[in-house]
Amino acid sequence: MSQDFPILDDHFHINSRTGAGSDIVKEFMRSGGTHIVLVTLPSWSCGVTPVKADDFREVFDSTLDDLKKVEALGCKCYCIAGVHPAEIGRLSERMSISEAEELMCRGLDVAAEYVSEGKCIGLKSGRPHYPLTPEVWEMSNRVLEHALTLAGELNCALQIHAESGACSDVIQMGEKCGAPKGRIVKHFATCETPLHPSVTVREPFLVDWFKEKRDFTLESDYMDDLSRPGAVNGPRSVPRKMQRFLQEGIITSEDMWRVCSSVPEKIYGVDFRL
């Protein structure tokens, strides 16, 4: 497919243990997809049971191996590394809350090494999106603050996985921790967030946002799990939606460049051009 604009999926997973692995990107490319931000998985999805910070390296290295395979297919790929906030649920089954907090923070320190070495373009953290006890909520926010501090020290983007809604308090947390303003990305964002919104292709407000020339990025949050086909959205969902909007006159190639190149370049500081 010949086209004069990029199409970026800002949050994509690959898991050869449970899904199709890197070959699934061929479907993304056949629909016009050109760039992917590949996000590291929770440790258990990679068969890892972390007891020390270095155990997370197996998770990160697995994702970087997938990145190489994706790029060998001709798709430009970048990696985000971090500790999924839901790790607390698994970790607290076999250690104290304070020990889990320490392990998650040290795991983020390891992820920060990958960013400083140029292997990854940003960090991933957040807080669980399900109801928590006050103790776990406070602990999760401390872990998130550590990630924000690291993002400030590295001057890099931070994708956060958190509860649905605005997450407005993260703005103040970011300011306190020195995180780069405008580079905190709310994964699976809703329309009211003041953070940079990375939104799924199924959001009903997308047409309005394009008309308003809003700054945002698009994601599928594709999970690559054969037991859950198409979860959360299929690998072709972002390019298909963008191509359909273009054909229907809802957007222009200029809109494609803004959302898939110029905006993410401001967020991640890397090249999203063809």
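Residues numbered from 1 in each chain as written. Predicted model: local features only at pLDDT ≥ 70, side-chain atom pairs only at ≥ 80, totals over all residues. Heavy atoms only, no water.

(A) Quick look at the packing of aromatic side chains. Scanning all chains against the criterion turns up ten aromatic pairs. Judged by centre distance (4.6 Å) and plane angle (45°), the rings of Phe 205 and Trp 209 are tilted. With centroids separated by 5.2 Å and ring planes inclined at 70°, the aromatic side chains of Phe 210 and Phe 216 adopt a geometry described as edge-to-face. Relative accessible area serves as the criterion here: at 1%, Phe 210 is assigned to the buried category. Judged by its relative accessible area of 0%, Phe 216 is buried. Directly above the ring of Trp 44 sits Arg 90, whose terminal nitrogen or CZ lies 4.3 Å from the centroid. Seen from the ring of Trp 209, Arg 214 lies directly overhead, with NZ or CZ sitting 4.0 Å from the centre. (Phe/Tyr/Trp six-rings, centres within 6.5 Å; stacked < 30°, edge-to-face > 60°. Buried < 20%, exposed > 50% of the residue type's maximum accessible area, 1.4 Å probe, protein only. Lys NZ or Arg CZ within 6 Å of the ring centre and 35° of its normal.)

(B) A look at the packing of helix 2 (residues 56-72) against helix 4 (residues 97-116). The geometry of helix 2 relative to helix 4 is characterised by a closest axis approach of 10 Å and an angle of 35° between their N-to-C directions. Between helix 2 and helix 4 lies a crossing whose hand is right-handed. On the side of helix 2, the interface is formed by Phe 56, Arg 57, Phe 60, Asp 61 and Leu 64, while helix 4 contributes Leu 103, Gly 107, Val 110, Ala 111, Glu 113 and Tyr 114. Here the contact of helix 2 with helix 4 is composed, by residue class, of seven nonpolar, one polar and three charged. (Axes fitted to C-alpha atoms, helices over the stretch in contact; angles between N-to-C directions. Helix = DSSP H or I, 4+ residues; strand = E, 2+ residues; numbered from the N terminus. Left-handed = near helix turned anticlockwise from the far one by under 90°. Contact = heavy atoms within 4.5 Å. Nonpolar A, V, L, I, M, F, W, Y, C, P; charged D, E, K, R; others polar.)

(C) Molecular detail of the packing of helix 4 against helix 5 (residues 134-154). Orientation of helix 4 relative to helix 5, taken along the N-to-C sense of each, is 20°, at an axis distance of 10 Å. Relative to helix 5, helix 4 is oriented roughly parallel. In this structure, helix 4 meets helix 5 at a crossing whose hand is right-handed. Residue-level contacts link Ile 97, Ala 100, Glu 101, Met 104, Cys 105, Arg 106, Leu 108, Asp 109, Ala 112, Val 115 and Ser 116 of helix 4 to Glu 135, Val 136, Met 139, Arg 142, Val 143, His 146, Ala 147, Leu 150 and Leu 154 of helix 5. In terms of residue class, the contact of helix 4 with helix 5 is made up of 13 nonpolar, two polar and five charged. (Parallel < 35°, antiparallel > 145°, perpendicular 65-115°, else oblique.)

(D) Quick look at the sheet that holds strand 2 (residues 35-39). The strand order 1-2-3-4-5-6-7-8 describes an open sheet built from eight strands, whose pairing is parallel. In this open sheet, the two edge strands, each paired with only one partner strand, are strand 1 (8-12) and strand 8 (217-219). When the angles between neighbouring strand axes are averaged without regard to direction, this sheet yields 25°. Pairing of strand 4 (residues 122-126) with strand 5 (residues 157-161), which is carried by five bridges, proceeds in the parallel orientation. The residue bridging Leu 123 from the neighbouring strand is Leu 158, located in strand 5. (Pairing = 2+ DSSP bridges.)

The analysis is restricted to geometry; functional conclusions fall outside its scope.
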